[in-house]
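Summary of structural features
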Amino acid sequence: MKRKALTSLAIGLVIEALTPNKISTVSYVKAIKDLDIIKFVATAPILYSIYNSILIQDSDKALKIGYWIRRATKEVIDNPLIGTNTCLGYLILTIPIALAIRELDENAVGDPKVIVNKATELVLNYGSKEPATDFYEAILIANPSYKGKYFGGVPDLSSKDASNYSLLDVLIESSYWDLIAYEVTHYYDITCLLYT
């Protein structure tokens, strides 16, 4: 059941990209900038490999959310067929879910609400102990267009030292204007509206 759920997460990126009539991002008929559907399809096996690594990992990296986001982002960017950011936001949403699937017993994996509750608990518990450095590196590796100066409660991306801040500090600060950060710190509230 766990591998099936992780496979669904990997395929979900492609399904999202195939969805017609979206306001933004790629669709199966329209590329945007350097993104096309082929790059999303090529991303899915990388995601599955990362999610599977999370499932079988037994080292101290097992529950390091930022580590997995950075590692996956780097693999996507380094892939010659992809070479661009296809999934940073998706990784921020799904790495905690993959970690939750790892931690839950098989019977609980069939309940989306249990999974997202566990995912946010992991973000709140382990994100508070994990320095933000891997997360910042992932954003820099993805090379997004929003790398401008930030003035607030956490350092901006040009800061040389984000190690004094936890991943949770950054996600909570970001949750005031970023829906993905909001989701992972608020039990995937918006996503769960689909299930009510």
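Residues numbered from 1 in each chain as written. Predicted model: local features only at pLDDT ≥ 70, side-chain atom pairs only at ≥ 80, totals over all residues. Heavy atoms only, no water.

Here we come to the overall build of the protein chain. What the protein chain contains, in helices and strands, is nine helices and zero strands. Taking the contacts inside the protein chain whose residues are at least 6 apart along the sequence as the reference set, 64% of them involve residues at least 24 apart. Carbon and sulfur atoms make up 57% of the accessible area of the protein chain, which amounts to about 10200 Å² in all. (Helix = DSSP H or I, 4+ residues; strand = E, 2+ residues; numbered from the N terminus. Contact = heavy atoms within 4.5 Å. Areas by Shrake-Rupley, 256 points an atom, 1.4 Å probe, with all protein chains shown as cover.)

Examined against the element boundaries, Val14 turns out to sit in helix α1 (residues 2–18). Classification of Val14 by relative accessible area gives buried; the value is 13%. For Val14 and Thr43, which are 29 residues apart along the polypeptide, the C-alpha to C-alpha distance reads 8.3 Å. For Val14, the contacting residues outside a window of four places in its chain are Phe40, Val41 and Ala44. (Buried < 20%, exposed > 50% of the residue type's maximum accessible area, 1.4 Å probe, protein only.)

What follows is about the environment of Leu124. In this fold, Leu124 is placed in helix α5 (residues 112–126). In this structure Leu124 comes out as partly exposed when scored by relative accessible area, which is 27%. On a C-alpha basis, the gap between Leu124 and Leu167 in space is 9.3 Å, while along the polypeptide they are 43 residues apart. Contact partners of Leu124, with chain neighbours within four places excluded, come to Leu168, Thr185 and Tyr187.

Time to look at the environment of Gly152. In this fold, Gly152 is placed in the loop between α6 (133–142) and α7 (167–174). Separated by 22 residues in the primary sequence, Gly152 and Ser174 place their C-alpha atoms 9.7 Å from one another.

A few words on unusual backbone geometry. In this structure, Tyr187 is a non-glycine residue whose phi angle is positive, near 55°. Here Tyr188, not a glycine, exhibits a phi torsion of approximately 55°, which is positive.

The subject of this paragraph is α5. Helix length check: α5, at 15 residues, gives a terminal C-alpha distance of 21 Å against a target of 21 Å (1.5 Å per residue), a fit within 8%. Listing the buried residues of α5 in full gives Ile115, Val116, Ala119, Thr120, Leu122 and Val123. Along the axis of α5, the buried residues cluster in a sector spanning 155°; they form a single face. Of the residues flanking the start of α5, the one acting as N-cap is Asp111, its side-chain oxygen 3.0 Å from the backbone nitrogen of Lys113. (Expected span 1.5 Å × (residues − 1). Arc of directions from axis to C-beta. Polar contact = N/O pair within 3.5 Å; in protein donor to acceptor, adjacent residues only side chain to side chain.)

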